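Residue-level structural notes
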There are 2 protein chains.
Amino acid sequence: MTTLDAAFSALADPTRRAILHRLTRGEATVMELAEPFAGTMTQPAISQHLKVLEEAGLVVSRVEGAKRPRRLSKDGIDAMDQWLAMLRKALEANYDRLDKVLAEMESTKKGSRK
Amino acid sequence: MTTLDAAFSALADPTRRAILHRLTRGEATVMELAEPFAGTMTQPAISQHLKVLEEAGLVVSRVEGAKRPRRLSKDGIDAMDQWLAMLRKALEANYDRLDKVLAEMESTKKGSRK
């Protein structure tokens with residue numbers, strides 16, 4: 001599996017997207033990340049999702065005593081972002097082309113009315 | 001499965017990303033999309049990948065006689081893009097914060113040297 005395969009696959013799960021959303025507010029421990037899911041998901045389940053996110057290069061951790069706070073990983077997120085930027089640019093270019101075609105059709109129509 | 005689940009899941013496959021990449025150059029039929037994979041993948045296999053991309057809202061088709069040319073779907077791509085923009089903005093904000101912290105550490109160091 002390439003990095004992009006793993007990264008996009010990791011985002012296909014709503015719990016993992018919720019974890020990343022929480023990390024946009026800053027570093028958090030597993031316990032803090034598990035809080036919003038209390039009653040619906042166990043801490044080991046959250047740890048498993050974190051493992052998937054770390055292996056996909058979207059989250060990194062550091063050691064602080066007994067804690068291992070997690071944060072977003074710029075490199076992995078940038079890689080996905082750049083890939084999607086390619087699609088976004090193509091869509092913008094297509095729209096520009098469409099505008100041109102429509103403008104030409106419009107001027108032809110006006111021409112034929114003369 | 002939500003739309004974002006399906007969209008990110010669809011991107012987790014290199015063949016589907018290659019199909020989207022090809023569509024950045026404009027509309028294409030299944031036959032045209034299958035060309036670069038000749039010998040490695042059958043046309044039905046490509047059709048199956050297209051079905052996944054269409055169900056995920058990333059590709060749309062139109063009818064032109066017996067052909068059904070496919071093109072990128074702005075709405076589905078925009079939805080993913082907006083979700084990733086949230087992560088990107090958070091990373092930028094975090095970097096700005098880090099810059100401030102480092103600048104403060106630096107000025108404290110200079111202060112203690114006096």
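Quantities reported herein were computed from a predicted structural model and do not represent experimental measurements.

Conventions adopted
Residues numbered from 1 in each chain as written. Chains lettered and ligands numbered in written order. Predicted model: local features only at pLDDT ≥ 70, side-chain atom pairs only at ≥ 80, totals over all residues. Heavy atoms only, no water. Contact = heavy atoms within 4.5 Å. Buried area = accessible area lost by both parts, 1.4 Å probe. Salt bridge = Lys/Arg side-chain N within 4 Å of Asp/Glu carboxyl O. Helix = DSSP H or I, 4+ residues; strand = E, 2+ residues; numbered from the N terminus. Buried < 20%, exposed > 50% of the residue type's maximum accessible area, 1.4 Å probe, protein only.

Quick look at the interface of chain A and chain B now. Opposite the 29 residues of chain A that make contact, chain B presents 29 residues. A combined buried area of about 2,800 Å² lies between chain A and chain B, and 71% of that area is made up of carbon and sulfur atoms. It is Arg-17, Leu-84 and Leu-91 of chain A in chain A that bury the most area against chain B; as a group they hold 20% of the surface buried on that side. Summed over the shared surface of chain A and chain B, the result is four salt bridges. Arg-88 of chain A is the salt-bridge partner of Asp-81 of chain B, the closest N and O atoms lying 2.7 Å from each other.

On to the pattern of salt bridges, then. Residues and elements named next belong to chain A. Applying the stated criterion across every chain, the model contains 14 salt bridges over all chains. Ionic pairing is found between Arg-62 and Glu-27, a salt bridge with its closest N-O pair at 2.6 Å. In this pair, Arg-62 is assigned in the loop between strand E1 (59–61) and strand E2 (70–72) and Glu-27 in the loop between helix H2 (14–23) and helix H3 (30–34), connecting sequence segments 35 residues apart. Judged by relative accessible area, Arg-62 falls into the partly exposed class, the value being 32%. Close ionic contact of Glu-54 with Arg-70 constitutes a salt bridge, the shortest N to O distance being 2.9 Å. Of this pair, Glu-54 sits in helix H4 (residues 43–55) while Arg-70 sits in strand E2, and the two are 16 residues apart along the sequence. Among the charged side chains, a salt-bridge network with shared partners connects Glu-27, Arg-62 and Glu-64.

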